[in-house]
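Below are the chains, spelled out letter by letter.
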Amino acid sequence: MGAKSALEQLEDLIADLEAKLNLAPGADPVVAADNKKPQQQQQKQQKKKDKKQNAKQNAGKAKGGAAAPVDPNLPDICKLEFKVGVITKAWVHPDADKLYCEEIDCGEETPRQIASGLRAHYSLEEMQGQRLLVVSNLKAKNLVGFKSFGMVLCAAETN
């Protein structure tokens, strides 16, 4: 048998996570949690209505502000926010041997500056214009003096 593609590996990981969370394949973890606690269902529906009303009232505010509140009952994996982005500018980190610094356009007002450890895997020319996934709701971290506002996700195919 040949090696699995990245997509097949991802599907296997999702199936494994669903099994660990006792979810039916493709089930929404929020809906599954609601079914286990029917007495809280009305409260959650009311909270959703309140959130929609607040969202309408705050529609005029600028993007990129504070992150939306996250339901504490969600599994940790569901709290991550992923965005598709395009690398608009990449350069070698001046003080680190394994890092690139990138400006990534994720459709927000300003590009995100993110440091990633992809220097051993891609040349600067290959980085330019690449589409990628960014974990966007992480706390900003200093990586060897460069403030990184997210994390780039990558996959590798084994032979």
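Residues numbered from 1 in each chain as written. Predicted model: local features only at pLDDT ≥ 70, side-chain atom pairs only at ≥ 80, totals over all residues. Heavy atoms only, no water.

Student: If you had to explain the sheet that holds strand E7 (residues 151-153) to someone new, which residues and values would you point to?
Tutor: Strands sit in the order E3-E2-E1-E4-E7 across an open sheet of 5 strands; the sheet is antiparallel. Two strands close off the open sheet at either side, each with one partner strand: strand E3 (112-116) and E7. For this sheet, the mean angle separating the axes of adjacent strands, direction not counted, is 50 degrees. Judged from the 3 bridges that link them, strand E4 (residues 131-135) and E7 form a sheet pairing that is antiparallel. Across the sheet, Leu 133 pairs through a bridge with Leu 153, a residue of E7. (Pairing = 2+ DSSP bridges. Helix = DSSP H or I, 4+ residues; strand = E, 2+ residues; numbered from the N terminus. Axes fitted to C-alpha atoms, helices over the stretch in contact; angles between N-to-C directions.)

Student: Tell me about the layout of surface pockets, residues and numbers included.
Tutor: Looking at the second largest pocket, its volume works out to about 730 Å³. Element by element, the count of residues in the lining of the second largest pocket is highest for helix H1 (residues 6-20), at 7 residues. The class makeup of the residues in the lining of the second largest pocket is 19 nonpolar, 1 polar and 1 charged. (1 Å grid on protein atoms, 1.4 Å probe; cavity = no way out; pocket = protein on both sides within 12 Å on 5 of 7 lines; lining within 4 Å. Points joined across faces, edges and corners; volume = space filled by probe spheres on them. Nonpolar A, V, L, I, M, F, W, Y, C, P; charged D, E, K, R; others polar.)

Student: Just give me the short version of the pairing of strand E1 (residues 82-92), but keep the residues and values in it.
Tutor: Regular strands place side chains that alternate from one sheet face to the opposite one. Alignment of E1 against E4, held across 5 bridges, turns out to be antiparallel. Bridge pairing in E4 places Gly 85 opposite Leu 132. As judged from the 6 bridges shared by E1 and strand E2 (residues 100-105), these two strands associate in the antiparallel manner. Looking at E2, one finds that Lys 89 is bridged to Glu 103.

Student: Account for a nonpolar patch on the surface, with residues named and values stated.
Tutor: On the surface, a nonpolar cluster with roughly 760 Å² of combined accessible area is contributed by Leu 17, Leu 21, Ile 77, Leu 80, Phe 82, Val 84, Leu 133, Leu 138, Met 151 and Leu 153. Taken together, the elements giving at least two residues each to the nonpolar patch come down to E1 and E7. (Patch = residues over 30% accessible without salt bridge, like charges linked within 9 Å, V, L, I, M, F, W, Y side chains within 5 Å. Areas by Shrake-Rupley, 256 points an atom, 1.4 Å probe, with all protein chains shown as cover. Salt bridge = Lys/Arg side-chain N within 4 Å of Asp/Glu carboxyl O.)

Student: Hey, could you go over the pattern of salt bridges for me, with residue numbers and the actual values?
Tutor: One pass over the structure, following the stated rule, counts 4 salt bridges. For Asp 76, the salt bridge is made with Lys 79, and the minimal N-O distance between the two is 3.6 Å. Residue classification places Asp 76 among the exposed positions, given a relative accessible area of 61%. Overall, Lys 79 belongs to the partly exposed group, its relative accessible area being 28%. A salt bridge links Glu 81 to Lys 83, with the nearest nitrogen and oxygen atoms 3.5 Å apart. Here the residues in one salt-bridge network are Glu 81, Lys 83, Glu 108 and Arg 112, joined through shared partners. (Buried < 20%, exposed > 50% of the residue type's maximum accessible area, 1.4 Å probe, protein only.)

Student: Can you break down the side chain of Ser 136 residue by residue, with the values?
Tutor: Its place among the elements puts Ser 136 in the loop between E4 and strand E5 (141-143). The contact partners of Ser 136, leaving out residues within four places of it in the chain, are Glu 81, Lys 83 and Arg 112. (Contact = heavy atoms within 4.5 Å.)

Student: Kindly report on the nonpolar core, identifying the contributing residues and their values.
Tutor: Side chains of a nonpolar character, in soluble globular proteins, are inclined to be buried together. Core analysis: the biggest nonpolar cluster contains 11 residues, these being Ile 87, Ala 90, Tyr 100, Ile 104, Cys 106, Ile 114, Leu 118, Met 127, Leu 132, Val 134 and Val 152. Going through the elements one at a time, E1, E2 and E4 are the ones with two or more residues in this core. If near-sequence neighbours (up to four positions away) are discounted, Val 134 is found in contact with Glu 81, Phe 82, Lys 83, Ile 104, Cys 106, Arg 112, Ile 114 and Met 151. (Core = buried A, V, L, I, M, F, W, Y, C linked by side-chain atoms within 4.5 Å.)

Student: Give a description of the pairing of E3 that names residues and reports values.
Tutor: In terms of burial, E3 is a largely internal element, 4 of the 5 residues being buried. Judged from the 5 bridges that link them, E2 and E3 form a sheet pairing that is antiparallel. What sits directly across from Tyr 100, in E3, is Ser 116.

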